[in-house]
Amino acid sequence: MNIPLLDLKAQYSQIREEVQAAINEVMESQHFILGPKVQELEEAIASYSQTKYALGVSSGTDALLLALMALEVGKDDIVITTPYSFFATAGCVARLGAIPKFVDIDEKTFNIDPEQLKTMLNSLTPDEHKRLKAVIPVHLFGQMADMEKILPICQEHNVPIIEDAAQAIGSECLLNGQVKRAGSIGAIGCFSFFPSKNLGGIGDGGMVVTNDPVLYEKMKIMRVHGSSPKYYHKFIGGNFRLDAIQAAVLLVKLQYLDTWTAQRQQHAKAYRTLLENNASVQLPPCIHDETNAPKHHHIYNQFCIRTEKRDELKNHLQENGIATEIYYPLPLHMQECFRYLGHRKGDFPKTEKAAATSLALPVFPELTKAQMEETVKVIHQFTS
Ligand SMILES: *Cc1c(COP(=O)(O)O)cnc(C)c1O
């Protein structure tokens, strides 16, 4: 049985007519960049993420870049983040000439460890503290970082939070007893509509969300090269615009997002039961007790197990036609382009362990019970 990691064709076949009608509407309008469709999507995403404002941008990477630019991150500034993420999280910081400072993950959650974040913040010299411009927690694989602990720590140090919610649209956590959605807690939240994300476009796209009217206005201007009015440039921005055709397709898909999320959650639950008794496999961490967790506390952009013989298991699954993926094989502090930061192996042991043992299994909404059972059967075969 051939089982892909993600089956976008299966998804498309369910919504083909609606998507094609939406694309046709844009074609007939010949209005391709920003405009009413993008605005409609912005309003829908702001509402979905429980924020006041949203701005459609060219990608998740550009969402992060725009957020950092709006917070005036520049040369020699410091931004704290996790070394266990997609490259863009730290790449955007470095592109602006700032220094990414890493804090190891909590192995229970895969997300930045609040205790170590606190230690890092308290250990900054007064000069470093002056250059500290932001903290970027990443809600990795669809589960939010421990914002209940991170928020007060950052408030105490008066440093704004940018939430990298590229993998976590709609995911929820509890904050002071209230259910909060990814992107709504920090100064700015960033989403990606890369096709493999839970809400994926038909190309690149992203969104920034905020509750701050000043940051909103600034990012809106920066999105169009900092020009306001047109051809008069207040800031140095960039071309961070979203296309109308992406917005039109995303508006169609947004209607299905909760259903797809519920399907991913059902698959995760089924995997947990099927893999429960396999001592060689560690199930994905969950910070919340499922019984009193918010409904969307984990949206399973990825379902990552951990196992010692990870590479061998991946090969065994591949030989049996089952696709898996490693997120991410090389932690950010070990990347060649960051050699100048002076890190070495062993600096962030929890991250390095996760990178060496984690394996993402297929968890896409259209996955069938038979496909899941087959996947687990092949895993059991290998580990027994
Ligand atoms: C996908 C992703 C990004 C970048 O988004 P793009 O739309 O691909 O530019 C940033 N951070 C994380 C954690 C991601 O998963």
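For the structure, see preceding data.
Everything in this summary refers to the structure shown in the same document. (Residues numbered from 1 in each chain as written. Predicted model: local features only at pLDDT ≥ 70, side-chain atom pairs only at ≥ 80, totals over all residues. Heavy atoms only, no water.)

A closer look at the side chain of Thr357
Point 1. Take Thr357: it is sitting in helix 12 (residues 349-357).
Point 2. Taking the relative accessible area as the measure of exposure, Thr357 reaches 6% and is therefore buried.
Point 3. In this structure the side chain of Thr357 is engaged in a polar contact, spanning 2.8 Å, whose partner is the backbone oxygen of Lys353.
Point 4. Not counting residues up to four positions away in its chain, the partners in contact with Thr357 are Ile305, Arg306, Thr307, Glu308 and Arg310. (Helix = DSSP H or I, 4+ residues; strand = E, 2+ residues; numbered from the N terminus. Buried < 20%, exposed > 50% of the residue type's maximum accessible area, 1.4 Å probe, protein only. Polar contact = N/O pair within 3.5 Å; in protein donor to acceptor, adjacent residues only side chain to side chain. Contact = heavy atoms within 4.5 Å.)

Quick look at the site of the ligand
Point 1. Neighbouring the ligand are 16 residues, the closest being Gly60, Thr61, Gln167, Ser192 and Lys197.
Point 2. Interatomic distance of 2.8 Å between a side-chain N/O atom of Gln167 and an oxygen atom of the ligand.
Point 3. Side-chain polar atom of Ser192 to an oxygen atom of the ligand: 2.6 Å apart, as the coordinates give it.
Point 4. Burial of the ligand by the protein chains amounts to 93% of its free accessible area of 380 Å².
Point 5. Put simply, the ligand lies in the largest pocket.
Point 6. Broken down by secondary-structure element, the contributors of at least two residues to the shell around the ligand are helix 3 (60-70) and helix 4 (88-95).
Point 7. With three residues, the top contributor of residues to the shell around the ligand is helix 3.
Point 8. Per-class residue counts for the shell around the ligand are six nonpolar, eight polar and two charged. (Near = heavy atom within 4 Å. Areas by Shrake-Rupley, 256 points an atom, 1.4 Å probe, with all protein chains shown as cover. 1 Å grid on protein atoms, 1.4 Å probe; cavity = no way out; pocket = protein on both sides within 12 Å on 5 of 7 lines; lining within 4 Å. Sits in = over half its atoms within 2 Å of the grid points. Nonpolar A, V, L, I, M, F, W, Y, C, P; charged D, E, K, R; others polar.)

Looking at the packing of aromatic side chains
Point 1. Scanning the entire structure with this criterion turns up 15 aromatic pairs.
Point 2. Ring centres 6.5 Å apart and planes at 80 degrees place the aromatic pair Tyr84 and Tyr328 in the edge-to-face group. A residue pair is termed long-range when its members are at least 10 positions apart, and Tyr84 in the loop between strand 2 (78-81) and helix 4 and Tyr328 in the loop between helix 11 (310-319) and helix 12 qualify at 244 residues.
Point 3. Exposure remark for Tyr84: the relative accessible area of 0% places this residue in the buried category.
Point 4. Each ring, one from Tyr327 and one from Tyr328, has its centre 5.5 Å from the other, and the planes form 70 degrees; the classification is edge-to-face.
Point 5. Judged by relative accessible area, which is 19%, Tyr327 ranks as buried. (Phe/Tyr/Trp six-rings, centres within 6.5 Å; stacked < 30°, edge-to-face > 60°.)

A look at the pattern of salt bridges
Point 1. Counted by the stated rule, this structure contains 14 salt bridges.
Point 2. Lys133 is the partner of Asp77 in a salt bridge, and the nearest nitrogen-oxygen pair spans 2.9 Å. Linking Asp77 in the loop between helix 3 and strand 2 with Lys133 in strand 4 (residues 132-136), this pair joins segments that are 56 residues apart in sequence.
Point 3. The class for Asp77 is buried, based on a relative accessible area of 8%.
Point 4. The salt bridge involving Asp311 is made with Arg310; its shortest N-O contact spans 2.7 Å.
Point 5. Each of the salt bridges in this network shares a partner with another, and the network as a whole consists of Glu25, Lys37 and Glu40. (Salt bridge = Lys/Arg side-chain N within 4 Å of Asp/Glu carboxyl O.)

Structural notes on the pairing of strand 9 (residues 206-210)
Point 1. With respect to burial, strand 9 is a largely interior element, five of its five residues being buried.
Point 2. Summarising the sheet, strand 1 (residues 53-57) and strand 9 pair through five bridges and their orientation is antiparallel. Bridging from a neighbouring strand, Leu55 pairs with Val208 of strand 9.
Point 3. In the sheet, strand 8 (residues 188-192) pairs with strand 9 via four bridges, with the strands oriented antiparallel. Looking at the pairing, Cys190 lines up with Val208 of strand 9. (Pairing = 2+ DSSP bridges.)

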